[in-house]
Amino acid sequence: MPVMEKTSAAKPKTTKVRRTSWKKHLVHLFLLPALVFYIWFQIYPIFSAFLNSFFAWDGLKRGAFIGLENFVRLFTESPFKETFFRGLGHNVIFFIGIVLTKLVVAFLLALFINSKIRGKEFFKMVIFMPKLLSVIVVGFLFSLILNPTYGALNTFLKFIGLEELARPWLGSPDTALYTIILVNSWYGLGFAVLIFLAGLQAIPTEIYDAAKIDGAFGLTMLWKMTVPLAMPSIMVMTILSFIGAFEAFELIFAMQGSQAGPYFSTDVLATYFYRLAFGSVAGGESIGLGSALAVVLFLMISSATAILLFFFRRKEYEQ
Amino acid sequence: MRRVGVWLFCAILMLVASACSSSPPSSNTGGQATGSAPTPAVEPAKGEPVELVMYSWRPEDKDAYAKFIAEFEKQHANIKVKFKPFKSTEYNTILSNSLTAGTGVDIVQLRPYSGATSIADAGYLLPIDDVKGVQDIPKPYLDSARGTDQKVYGVPLSINSAVIFYNKKILEDNGVQPPQTWDELIQVSQALKAKGIIPIAQAGKAAYLLSIAHSVIGTSAYGGNDYVEKMLSGEANFNDDAFKESIKRMQELTPFFPPDFIGIDDKDAQALFYTGKAAMYINGSYRLETFEKQSPDLPIDILPGLAKEKGGEAPMINWVDGSYGVVKATKHPEEAKIFMEFLASKEFGQMFSDDLSRLSAIAGVVPKHPLVQKMTQLSEKSMAPFLMLVHFGEGTPTTKTTFEDSLQGMYINKLTVDKVAEDTQASADKWFKPKK
């Protein structure tokens, strides 16, 4: 009898294991189409860009293998080197701008929404609403609002007697890049607030209670308790902001076109890449140089992201 | 359950297999297109229409093309043509992507001169020398659509002239005569500005508009065709005082452009002109149709480029505005050539000129519109090429683009006149070989 029992108990276990493994494989099968698309649209273009960057191009025609010549030209030859470093500088300004506006403002807003106030959901909805729009629509709308001739912003400034503040926001090199950074921050603020809110809500309230008993209040509490405990969400947002700032393209393209004017004052590496690779049908060696720039951009973003991740992880362990 | 899983597996495999078997983008094989024989025509089965997809950079001509295509389809019931226009500034990108992908388009509008040559040389187009009517088109116009093998790859569409449009009423009401020389242009502009009117509705957000304006304003400053010949032979270059003078003129016009004109679009500049806020507007003759559509009662007239002295010859700045070519990868080359024959016909040329108020490149077409007639007469009297487009459209970035961008830099006080000339010459030095 005991033997019988053993046998009957073992049988269903085997079936369960088999069923689980079968289901597991089925899940993999369902992932296949997505994987194919991912390889096709993400992995293949990366390899294709790597490959194209090692060849000479004559218009749309691929020529001979030239090794690293496209990369060398990109960094040593005029006007490529000047345009590259100008674009890189604008990317850095973009990142600083986003960190200052999106991260700091979003964190403060998240703190505000997380406190005991009425109408939290309403505030959340209002802040997140721009994210529901397409970035191209946002760019187009702001181009109209900021138009120097009939734009709503300048008209409003003139109407309230602040005419001296009215200016060509997108038409002056002094303001164009900062204006786009502000529009970008407005657009992405809601997402950052949600990430921070999730981080803040994960902090156990008992910790605050204990800190209060120890006499911590106000800024001390914020600096010594809230910020360190919300560090994972700050880390996520900083990395996403970095990637976003170095990939910035759509909004600039929608508001200033591929020339990223005036006189390249809003030109970043991605708009420069677009112009270099696709901007001119007649352009001699554009695709090779454009691919080289894409490779450099890819390496810059991936290595800097890896460094940031390493830095933040270490900081997390220290805490 | 297992059977369902097997079926699912098979279905997914089929999906993946079908996705993989569709022809992949051939961006890596651009060179392979060269030299391969044209795809043989696939005759459509009786009653089954063949659809040709046609790309253009002129969304504003959509209605007119609907009419032209309807006329063609009346004569060729088995061929349908789908006109797909794209924004002019994004057209090059869309075109190069479509050509490298090798799918989706049969007939393409080609940028003139080096724009067409580079695509033809890369092997993406079918030669059309043997298409009826093509050889009747004047040779200088066909030159705008040749490959380096001297074969013709496009049917030239129209001749553009860069002109100064002016509002006759504004000038009359303010007691000023249409300017003929540089000095007169400055005097007229000063007089209009003093009365609160924007003298010239110029936009600068898209830099290409600046080189069009430069061709009208600057040609007489550097000496017109004689100087162009000297440049082509290497006797003159962009660093010469004569050419710098033409750039200086553009700088001196700044106070007469709309405030913050570098931040405004061409559409805004057009609106300033057709709403009567600005007295003059400089651009290609193709804007005539836009103005007549937007403001049919606007009293418009045109001026060619400026004369060197009062009563002297004012050159009309001309260029061929693109052509239509057949993509080598088309599945319907025969039908596409039939459509090319239609585009090269006098019938199409006349319709094109009449409906769009433009000068057709087809020989024998007499423009109906009095202003287009005037442009033709002025062109016959004295003509000069749009130097940057016709002769300096190559390089990475092109010398034309470098010049336009540098002009924009000059307007925002980032570059001096000398630096604009220097940058333009540096760009030309990289590729331009003077004719010996």
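Residues numbered from 1 in each chain as written. Chains lettered and ligands numbered in written order. Predicted model: local features only at pLDDT ≥ 70, side-chain atom pairs only at ≥ 80, totals over all residues. Heavy atoms only, no water.

The name that an unreviewed UniProt entry assigns to chain B is Sugar ABC transporter substrate-binding protein, with the source organism given as Brevibacillus choshinensis.

Draft legend 1. Highlighting the pattern of salt bridges. Per the counting criterion, the structure on display carries 22 salt bridges over all chains. Of the charged contacts, one joins A:Glu77 and B:Lys430 as a salt bridge, the two residues approaching to 3.4 Å between their closest N and O atoms. Residue A:Glu77 is located in the loop between helix H2 (69-76) and helix H3 (80-114), and its partner B:Lys430 is located in the segment after helix H18 (417-429); the two belong to separate chains. Residue A:Glu77 is classed as partly exposed on the basis of its relative accessible area, which comes to 23%. Judged by its relative accessible area of 44%, B:Lys430 is partly exposed. Between B:Lys374 and B:Asp301 there is a salt bridge; the shortest N-O distance is 2.9 Å. Residue B:Lys374 is located in helix H15 (residues 370-381), and its partner B:Asp301 is located in strand S9 (residues 300-303); the two are separated by 73 residues in the primary sequence. Overall, the relative accessible area of 27% leaves B:Lys374 in the partly exposed class. (Salt bridge = Lys/Arg side-chain N within 4 Å of Asp/Glu carboxyl O. Helix = DSSP H or I, 4+ residues; strand = E, 2+ residues; numbered from the N terminus. Buried < 20%, exposed > 50% of the residue type's maximum accessible area, 1.4 Å probe, protein only.)

Draft legend 2. Representation of the pairing of strand S6 (residues 158-167) of chain B. Residue and element names in this part refer to chain B. Burial within S6 is extensive, with ten of its ten residues counted as buried. Burial along S6 is two-sided: Ser158, Asn160, Ala162, Ile164 and Tyr166 facing one way and Ile159, Ser161, Val163, Phe165 and Asn167 facing the other are all buried. Relative to strand S12 (residues 359-360), S6 runs antiparallel, the two sharing two bridges. Opposite Ile159, over in S12, you have Leu359 as the bridge partner. Note: S6 against strand S10 (residues 316-320), four bridges, orientation antiparallel. The partner of Ala162 across the bridge, within S10, is Ile317. Note: S6 against strand S8 (residues 278-284), five bridges, orientation antiparallel. The residue bridging Tyr166 from the neighbouring strand is Met280, located in S8. Pairing of S6 with S9 involves four bridges; the strand directions are antiparallel. The partner of Tyr166 across the bridge, within S9, is Asp301. (Pairing = 2+ DSSP bridges.)

Draft legend 3. Region of the structure containing the confidence of the model for chain A. All names here are of chain A. Across chain A, the average pLDDT comes to 87, with 90% of residues at or above 70. Of all secondary-structure elements in chain A, the lowest mean pLDDT belongs to helix H1 (residues 2-52), at 76, while H2 reaches the highest, 96. Here residues 1-10 scores under 50 on pLDDT; set against residues more than four positions off or in separate chains, the count is zero contacts. (pLDDT = per-residue confidence, 0-100. Contact = heavy atoms within 4.5 Å.)

Draft legend 4. Spatial organisation of the pairing of strand S2 (residues 79-85) of chain B. All names here are of chain B. Only one face of S2 is covered, namely the face carrying Ile79, Val81, Phe83 and Pro85; the face carrying Lys80, Lys82 and Lys84 is uncovered. Looking at chain direction, strand S1 (residues 50-56) and S2 are connected through seven bridges and run parallel. In the sheet register, Val50 faces S2, and the bridge partner there is Ile79. Traced from S1 through helix H2 (residues 62-75) to S2, the parallel crossover comes out right-handed. (Right-handed = clockwise from strand over helix to strand, strands pointing away.)

Draft legend 5. Spotlight on the packing of aromatic side chains. Per the stated rule, a full pass over the model turns up 49 aromatic pairs over all chains. On the basis of an interplanar angle of 80 degrees and a centroid distance of 4.9 Å, the ring pair of B:Tyr55 and B:Phe86 is categorised as edge-to-face. Of this pair, B:Tyr55 sits in strand S1 while B:Phe86 sits in the loop between S2 and helix H3 (88-101), and the two are 31 residues apart along the sequence. An aromatic cluster is defined as three or more aromatic residues linked by ring pairs; in this entry it consists of B:Tyr65, B:Phe68, B:Phe72, B:Phe83, B:Tyr324, B:Phe339, B:Phe342, B:Phe348 and B:Phe352. Residue placement shows A:Arg62 over the ring face of A:Phe55; its charged tip is 4.2 Å from the ring centre. (Phe/Tyr/Trp six-rings, centres within 6.5 Å; stacked < 30°, edge-to-face > 60°. Lys NZ or Arg CZ within 6 Å of the ring centre and 35° of its normal.)

Draft legend 6. Structural detail: the packing of H2(A) against H3(A). Residue and element names in this part refer to chain A. Contact pair H2 / H3: the axes reach a minimum separation of 5 Å and the direction vectors enclose 75 degrees. With respect to each other, H2 and H3 are oriented roughly perpendicular. Residues Arg73, Leu74, Phe75 and Thr76 of H2 touch H3, and the partners they reach there are Phe80, Lys81, Phe84 and Phe85. (Axes fitted to C-alpha atoms, helices over the stretch in contact; angles between N-to-C directions. Parallel < 35°, antiparallel > 145°, perpendicular 65-115°, else oblique.)

Draft legend 7. Focus on the packing of helix H7 (residues 176-201) of chain A against helix H10 (residues 231-247) of chain A. Residue and element names in this part refer to chain A. It is the contact of H7 with H10, at a shortest axis distance of 9 Å, that shows an interaxial angle of 160 degrees. The orientation of H7 relative to H10 falls into the category roughly antiparallel. Crossing angle aside, the handedness with which H7 passes H10 is right-handed. Between H7 and H10, the residues in contact are Phe191, Ala192, Ile195, Phe196 and Gly199 and Ser233, Ile234, Met237 and Leu240, respectively. Grouping the constituent residues of the contact of H7 with H10 by class yields seven nonpolar, two polar and no charged. (Left-handed = near helix turned anticlockwise from the far one by under 90°. Nonpolar A, V, L, I, M, F, W, Y, C, P; charged D, E, K, R; others polar.)

Draft legend 8. Spatial organisation of the side chain of B:Thr399. All names here are of chain B. Relative to the helices and strands, Thr399 resides in helix H17 (residues 399-411). Thr399 gets classed as buried once you look at its relative accessible area, which sits at 0%. A distance of 2.8 Å separates a polar atom in the side chain of Thr399 from a polar atom in the side chain of Trp431. Among all residues touching Thr399, those that are not within four sequence positions of it are Phe238, Phe392, Glu394, Thr424, Ser427, Ala428 and Trp431. (Polar contact = N/O pair within 3.5 Å; in protein donor to acceptor, adjacent residues only side chain to side chain.)

Draft legend 9. Just the environment of B:Pro178, in detail. Residue and element names in this part refer to chain B. On the secondary structure map, Pro178 appears in the loop between helix H6 (168-173) and helix H7 (182-194). The class for Pro178 is partly exposed, based on a relative accessible area of 22%. Expressed as a C-alpha distance, the spacing of Pro178 and Asn167, which sit eleven residues apart in the sequence, is 9.5 Å.

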